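Working through the structure, step by step
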Amino acid sequence: AHLDRIAAVDGEVKAFLHVDGETVLAQARKVDEQRAAGRELGPLAGVPIAHKDVFTTADMPTTAGSKILEGWRPPYDATVTARLREAGLVILGKTNMDEFAMGSSTENSAYGTTHNPWDLSRVPGGSSGGSSAAVAAYEAPLSTGTDTGGSIRQPAAVTGIVGVKPTYGGSSRYGVIAFASSLDTPGPFARSVLDAALLHEAFSGHDPMDSTSVDRPVPPVVEAARRADVEGMRVGVVKEFAGEGAEAGVTARFTEAVELLESLGAKVVEVSCPHFTYALSAYYLIAPSECSSNLARFDAMRYGLRVGDDGTRSAEEVMALTRAEGFGPEVKRRVMLGTYALSSGYYDAYYGKAQQVRTLVQQDFRNAFEQVDVLVSPTTPTTAFPIGERADDPMAMYLADLYTIPANLTGNAALSVPCGLADGLPVGLQIMAPVLGDDRVYRVGAAVER
Ligand code: GLN
């Protein structure tokens, strides 16, 4: 049924980069056989899933939305891919994304733009826009994404679905093509909070292959999503993000969501997080710095594209030609920004300062969670914007992640859940919890979900 749905709508939505019907059906048959043989299967066995094209898949290409990896077939599965295969989920295919997950609209993909199923002239968010659009368009019931600065929560918000950034280190980065390693966090997309929790639980947990993986039990997210009550919980409204910079329609839906929380028995208070407003600037130094280092591996020798290797050029020339042709403009901008910020003489002024801001944001969270159990804000300042509107204005594009970035800088858990429409377009409510308090965002998310 999902393959039929993809065939019917993906010509317009363009969520997928790769779908191979035969491989899909072969996986489904294998699950049937296992079931017939009496094998005990998990709760998601046989459920189809779409993976963001940043997770390596041994039987399918993996491009990270970049021309530099066109046609690359990874020799191994990411931990997230492998665990979900083992749990019996059927991989429908790979979804479109901003190149190397840099962007907020999926317009930075080397393979064309994905369209928002609510209004095809608008973006589905990014960088995991293929994964959000696939779930919103009913092409897949579940999908995976990665959230480095908001790339799961923001696309979930603007396509009217649920998206979660787990605690950093709670989900494995092994086999996830790296963007900014201290921020990258795999997480789930689904159409309900409980579905997201089931997926979260299926791929999370300690992984010895990822040195930053957290060796602690997975928070009880499914139990929390089933519980779905906020009676007696203390909810903090981030003063600096309540309304500031947001569209009127977004502010209106957010205010109603806060009223709903109160009517369900939560105690709502305003909490000040004075350094949250600096998070975006700090992020745009830290993320490019880490990316400039991570993307050095695309050297024309190890993977994918190789340009100009005709026997007359040096390895360095081939590398330069390959990177000039293989990377898109946003990736080049970030590599240049990052290289500059990390260079000796500027390190203290830029990268070092940004890391200090990171500590201040962490202190804001710590102070806040002494007063409240969760923090809430709108997920994004605006609803889905028209394709092309911000394509040539990186600063306007970066603002899409104004509210999501603090939780990335500090590793906190955060979720976006739909909270109504503004001018016919979905609005998301962001719920943030302490590190390893992932169950709280599911509990509150499930309580306000309508
Ligand atoms: N939009 C942000 C960026 O471009 C976040 C991306 C992400 O979370 N992968 O860096």
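Residues numbered from 1 in each chain as written. Predicted model: local features only at pLDDT ≥ 70, side-chain atom pairs only at ≥ 80, totals over all residues.

An unreviewed UniProt entry lists the protein under the name Glutamyl-tRNA(Gln) amidotransferase subunit A, with Actinomadura rubrisoli as the source organism. What the UniProt record of the protein gives under Function (unreviewed entry) is the line "Allows the formation of correctly charged Gln-tRNA(Gln) through the transamidation of misacylated Glu-tRNA(Gln) in organisms which lack glutaminyl-tRNA synthetase. The reaction takes place in the presence of glutamine and ATP through an activated gamma-phospho-Glu-tRNA(Gln)." Here the protein is described in UniProt, under the heading Subunit (unreviewed entry), as follows: "Heterotrimer of A, B and C subunits." (UniProt positions renumbered as here; feature names shortened; annotations may be inferred.)

Re the overall build of the protein
For the protein, the count of helices and strands is 15 helices and 11 strands. What you see for the protein is a C-alpha radius of gyration of 21 Å, in line with the 22 Å of a compact globule of 450 residues. By its C-alpha atoms, the protein is 70 × 65 × 45 Å across when sized along the principal axes. The buried share of the protein, reckoned over its 450 residues, is 58%. (Helix = DSSP H or I, 4+ residues; strand = E, 2+ residues; numbered from the N terminus. Rg over C-alpha atoms; globule rule 2.2 N^0.38 Å. Buried ≥ 20, exposed ≤ 12 C-beta atoms within 10 Å, placed from the backbone.)

So, the domain arrangement of the protein
Quoted interface sizes are often the accessible area lost when the parts come together. Partitioning the protein into structural domains gives domain 1 (1-298 + 347-450) and domain 2 (299-346). Between the C-alpha centres of domain 1 and domain 2 there is a distance of 29 Å. At the interface, 27 residues of domain 1 touch 22 residues of domain 2. Put simply, the parts of the chain that give the side of domain 1 that touches domain 2 at least two residues each are helix H9 (279-294) and helix H12 (348-371). (Domains from an automatic or database assignment. Contact = placed C-beta atoms within 7 Å.)

Some points on the sheet that holds strand E5 (residues 162-165)
Across a sheet, paired strands are connected by hydrogen bonds in the backbone, their directions being either parallel or antiparallel. Read across the open sheet, the 11 strands follow the order E1-E3-E2-E4-E6-E5-E10-E11-E9-E7-E8; overall the sheet is mixed. One side of each edge strand has no neighbouring strand; the edge strands of this open sheet are strand E1 (16-19) and strand E8 (267-271). Strand after strand, the sheet turns through a mean of 30 degrees between neighbouring axes, direction not considered. Of the strand pairs in this sheet, strand E2 (residues 48-52) and strand E4 (residues 142-146) are connected by two bridges, and their pairing is parallel. For isoleucine 49, the partnering residue across the bridge sits in E4 and is leucine 142. Helix-sheet contacts for helix H4 (residues 129-136) involve E1, E2, strand E3 (90-95), E4, E5 and strand E6 (186-190), and the interaxial angle to E4 is about 160 degrees. (Pairing = 2+ DSSP bridges. Axes fitted to C-alpha atoms, helices over the stretch in contact; angles between N-to-C directions.)

Description of the nonpolar core
By size, the foremost hydrophobic cluster in this structure holds 127 residues, and its most contacted members are Ile49, Val162, Val374, Ile431 and Val441. Composition of this core by domain shows at least three residues from each of domain 1 (1-298 + 347-450) and domain 2 (299-346). In contact with isoleucine 431, other than residues within four places in its own chain, are Val374, Val376, Ala414, Leu415, Val417, Val441, Val444 and Gly445. (Core = buried A, V, L, I, M, F, W, Y, C linked by C-beta atoms within 7 Å.)

Observations concerning the pairing of E6
Most of E6 is tucked away: five of the five residues are buried. Relative to E6, E4 is paired through five bridges, and the arrangement is antiparallel. Its bridge partner being in E6, glycine 145 is matched across the sheet by glycine 187.

A few points about the packing of helix H6 (residues 193-203) against helix H15 (residues 438-448)
At a closest axis distance of 9 Å, the pairing of H6 and H15 adopts a crossing angle of 155 degrees. On the basis of their axis angle, the class for H6 and H15 is roughly antiparallel. Residues Val193, Leu194 and Ala197 of H6 form the contact with H15, whose participating residues are Tyr442, Gly445 and Ala446. The class makeup of the residues in the contact of H6 with H15 is five nonpolar, one polar and no charged. (Parallel < 35°, antiparallel > 145°, perpendicular 65-115°, else oblique. Nonpolar A, V, L, I, M, F, W, Y, C, P; charged D, E, K, R; others polar.)

Re the UniProt feature "active site" (unreviewed entry) in the protein
Per the UniProt record, "active site" (unreviewed entry) is annotated on Lys52, Ser127 and Ser151. Across 100 residues of sequence, these annotated residues stay compact in space, with a maximum C-alpha separation of 11.0 Å. One can find lysine 52 in strand E2. Looking at the secondary structure, you find serine 127 in the loop between E3 and H4. Filtering out sequence-adjacent residues up to four positions away, serine 127 remains in contact with Met97, Asp98, Ala101, Met102, Gly103, Thr106 and Ser151.

A look at the environment of glycine 326
Considering the arrangement of structural elements, one finds glycine 326 in helix H10 (residues 315-326). A C-alpha to C-alpha distance of 9.0 Å links glycine 326 and glutamate 70, two positions 256 residues apart in sequence. Sequence-distant contacts of glycine 326, that is, excluding residues within four places in its chain, are made with Ser66, Lys67, Ile68, Phe298 and Leu305.

Re unusual backbone geometry
The amide bond that connects glycine 126 to the next residue, serine 127, takes the cis arrangement and shows omega of 5 degrees. For threonine 106, which is not glycine, the phi dihedral falls at a positive 70 degrees. Relative to the elements of secondary structure, threonine 106 occurs in the loop between E3 and H4. Overall, the presence of 34 C-beta atoms within 10 Å leaves threonine 106 in the buried class.

What about the packing of H9 against helix H11 (residues 329-342)?
Put simply, H9 and H11 touch, their axes get as near as 7 Å, and they point 100 degrees apart. Taken together, the axes of H9 and H11 lie roughly perpendicular to each other. Residues Leu285, Pro288, Ser289, Cys291 and Ser292 of H9 lie in contact with H11, whose contacting residues are Arg334, Val335, Leu337, Gly338, Thr339, Ala341 and Leu342. A breakdown of the residues in the contact of H9 with H11 according to their chemical character gives seven nonpolar, four polar and one charged.

Some words on the pairing of strand E11 (residues 425-433)
Most of E11 sits out of view: nine of its nine residues are buried. Here strand E9 (residues 374-378) pairs with E11 via four bridges, running antiparallel. From the neighbouring strand, valine 376 faces E11, where its bridge partner is isoleucine 431. As paired elements, strand E10 (residues 413-422) and E11 share eight bridges and run antiparallel to each other. Paired with valine 417 across the bridge in E11 is leucine 429. Joining the antiparallel neighbours E10 and E11 is a turn of two residues, in which aspartate 423 adopts a positive phi near 50 degrees.

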